[in-house]
Amino acid sequence: MGVDGGGTLSELYQISRRLLLKTRDDLERLERLAASVDSPELSVSIRRDISQIQTLCSEMDALWRSVASKPQRDLWKRKVEQVAEEADSLRESLDRYMQRQQRRMQEAQERAELLGTSNGESSHVLRIFDEEAQAMQSARNSSRMLEEATATGVAILAKYSEQRERLKGAQRKALDVLNTLGLSNSVLRIIERRNRVDQWIKYAGMILTLITVIAFLRWVR
């Protein structure tokens, strides 16, 4: 399944751009809600979308290297790098938000302890903060699981890309040797068919990895 100036690569890029817009809007909404109510579910959803964007970037990184035209290849390289940089920026913004929320809860809990009264109101306030702290901890745990799943998928895709480059180099060397030896065209065609089968296996593995990561993300949700 080759890529000639776009195709599947273009589709993945469009999906990643839509996810970036959605994630940016969700992050702005999360910031607006911060002053009135905490929303751990929304923060987990944002983290999940960022992880999906990073997975798409890993796939696109493997695909743009297969574009035949060098100008197109360089163009796609810049596009994929831009998406990856925006995803990193959103992740850093979310991390800063989580840190601010944690400090806010800690400061509010300390004030509640200092202003404790004998009529039981203090224990009620502390219980509310404990519940919020548990929700925040659950959100952080889910975010860590998402990041670990994404890192695993990225590592697998990077390995596939590395193996593909090695196979291409080995094929070129083998063809040079066979041409030098003057072997028949039928033998060369057999080798080319085997290489196509190897490529199908590689892409099938990439698709299976993506499906596994997405299924895991939905299961976590």
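Residues numbered from 1 in each chain as written. Predicted model: local features only at pLDDT ≥ 70, side-chain atom pairs only at ≥ 80, totals over all residues. Heavy atoms only, no water.

**As for the overall build of the protein**
And then number 1: In terms of regular secondary structure, the protein is built from five helices and zero strands.
And then number 2: Reading the protein from its N terminus to its C terminus gives the helix and strand order α-α-α-α-α.
And then number 3: Sorting the 221 residues of the protein into buried and exposed places 35% on the buried side.
And then number 4: Sequence separation of at least 24 residues holds for 79% of the intrachain contacts in the protein that already meet a minimum separation of 6. (Helix = DSSP H or I, 4+ residues; strand = E, 2+ residues; numbered from the N terminus. Buried < 20%, exposed > 50% of the residue type's maximum accessible area, 1.4 Å probe, protein only. Contact = heavy atoms within 4.5 Å.)

**As for the nonpolar core**
And then number 1: Formed by 29 residues in total, the largest nonpolar core has its most connected members in L9, L30, I46, I53, M60 and L94.
And then number 2: Every element with two or more residues in this core is listed here: α1 (8–33), α2 (40–64), α3 (70–114) and α5 (185–220).
And then number 3: For this core, the element with the most residues is α2, which contributes 10 residues. (Core = buried A, V, L, I, M, F, W, Y, C linked by side-chain atoms within 4.5 Å.)

**Here we look at the pattern of salt bridges**
And then number 1: Inspection of the entire model under this criterion finds 12 salt bridges.
And then number 2: Taking the shortest distance from any N to any O, the salt bridge between E86 and R17 comes out at 3.0 Å. Of the two residues, E86 is situated in helix α3 and R17 in helix α1; the sequence distance between them amounts to 69 residues.
And then number 3: The buried category is assigned to E86, whose relative accessible area is 17%.
And then number 4: Put simply, D74 and K70 hold a salt bridge, and the shortest N to O gap is 2.9 Å. Of the two residues, D74 and K70 both sit in helix α3, four residues apart, roughly one turn of that helix.
And then number 5: With a relative accessible area of 27%, D74 lands in the partly exposed category. (Salt bridge = Lys/Arg side-chain N within 4 Å of Asp/Glu carboxyl O.)

**Concerning the packing of aromatic side chains**
And then number 1: All told, the structure shown has one aromatic pair when counted by the stated rule.
And then number 2: Note on Y13 and W76: the rings are 5.6 Å apart at their centroids and 80° apart in plane angle, and the pair reads as edge-to-face. Taken together, the residues span a long stretch of sequence, with Y13 in helix α1 and W76 in helix α3 at a distance of 63 residues. For the pair formed by Y13 and W76, the shared burial category is buried.
And then number 3: Between the NZ or CZ atom of K79 and the centre of the ring of Y13, over which it lies, the distance is 5.2 Å. (Phe/Tyr/Trp six-rings, centres within 6.5 Å; stacked < 30°, edge-to-face > 60°. Lys NZ or Arg CZ within 6 Å of the ring centre and 35° of its normal.)

**With respect to the packing of α2 against α3**
And then number 1: Where α2 contacts α3, the axes come no closer than 10 Å and their chain directions differ by 160°. The angle between the axes of α2 and α3 places the two elements in the roughly antiparallel class. Here α2 and α3 pass one another in a crossing that is left-handed.
And then number 2: Residues belonging to the contact of α2 with α3 are distributed by class as follows: 14 nonpolar, two polar and seven charged. (Axes fitted to C-alpha atoms, helices over the stretch in contact; angles between N-to-C directions. Parallel < 35°, antiparallel > 145°, perpendicular 65-115°, else oblique. Left-handed = near helix turned anticlockwise from the far one by under 90°. Nonpolar A, V, L, I, M, F, W, Y, C, P; charged D, E, K, R; others polar.)

**Side note on α2**
And then number 1: Taking 1.5 Å per residue, 25 residues should reach 36 Å; α2 reaches 36 Å between its end C-alpha atoms and fits that length.
And then number 2: Among the 25 residues of α2, 21 are classified as buried, and the element is accordingly described as predominantly covered. (Expected span 1.5 Å × (residues − 1).)

**Topic: the confidence of the model for the protein**
And then number 1: For the protein, the average pLDDT comes to 76, and 62% of its residues sit at 70 or higher.
And then number 2: The lowest-confidence element of the protein is helix α4 (residues 121–181), averaging 62 in pLDDT; the highest-confidence one is α1, averaging 93.
And then number 3: With pLDDT under 50 throughout, residues 1–6 is counted as low confidence; its partners more than four residues away or in other chains account for 12 contacts. (pLDDT = per-residue confidence, 0-100.)

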